[in-house]
Amino acid sequence: VQLVESGGGLVQPGGSLRLSCAASGFTFSSYVMRWYRQAPGKERELVAAISSAGGSTNYADSVKGRFTISRDNAKNTVYLQMNSLKPEDTAVYYCNVVVRVNHWGQGTQVTVSS
């Protein structure tokens, strides 16, 4: 299993970013995919999850209405569209899948600052 995140960066408050996670090594279309984040000095927290076919999504209360998780099973990729970003969204964002055990990408840094 390999997960490779991209799309992070520095953005001003109120801005947007789109994260991508390219997956390989497993049958992508059969698994729930998740995005987590970890801010400095804090525990890793679940941000969003999407069902295998993409028909069901869940979000942390802190990002509801601002973030959208989606997936393209033809491209083995899951996305996280982040709008109306706030400084408290600053964190390393990780893609996750449970294939017998937890698998994580290397993470992508998102910094929201003026």
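Below is a short write-up of the structure. (Residues numbered from 1 in each chain as written. Predicted model: local features only at pLDDT ≥ 70, side-chain atom pairs only at ≥ 80, totals over all residues. Heavy atoms only, no water.)

Quick look at the sheet that holds strand β8 (residues 77–82)
Picture the strands of a sheet paired through backbone hydrogen bonds; they go either parallel or antiparallel. To keep it simple, the criterion reads: Paired strands are those between which DSSP finds at least two bridges. A helix here means a DSSP run of H or I that spans at least four residues, while a strand means a run of E at least two residues long, and both kinds are numbered starting from the N terminus. Angles run from 0 to 180 degrees between N-to-C directions of axes, and those axes are lines fitted to C-alpha atoms, restricted for helices to the stretch in contact.
Overall, antiparallel pairing links the 4 strands, which are arranged β1-β3-β8-β7 in an open sheet. Of all strands in the sheet, those bounded by a partner on one side alone are β1 (2–6) and β7 (67–72). Averaged over all pairs of adjacent strands, the angle between strand axes in this sheet comes to 15°, irrespective of strand direction. Pairing analysis gives 5 bridges linking β1 to strand β3 (residues 17–24), with the strands arranged antiparallel. Residue pairing across strands places Glu5 opposite Cys21, the latter belonging to β3.

Remarks on the nonpolar core
Inside soluble globular proteins, nonpolar side chains tend to come together where they are buried. Put simply, the rule reads: To form a nonpolar core, buried Ala, Val, Leu, Ile, Met, Phe, Trp, Tyr and Cys residues must be joined to one another through side-chain atoms within 4.5 Å. Partly exposed describes any residue whose relative accessible area lies between the buried limit of under 20% and the exposed limit of over 50%, with all areas from a 1.4 Å probe on protein chains only and scaled to the type maximum. Any two residues whose heavy atoms approach within 4.5 Å are treated as being in contact.
Counting residues in hydrophobic clusters, the biggest one holds 29 residues, and the most contacted among them are Met33, Trp35, Val78, Leu80, Met82 and Tyr93. For this core, the secondary-structure elements that each account for two or more residues are β3, β4 (33–38), β5 (45–50), β7, β8, β9 (91–99) and β11 (108–112). With 5 residues, the top contributor of residues to this core is β9. The contacts of Met33, once residues within four sequence positions are left out, are Leu3, Phe26, Phe28, Ala48, Ala49, Ile50, Ile69, Arg71, Val78, Cys95, Asn96 and Val97.

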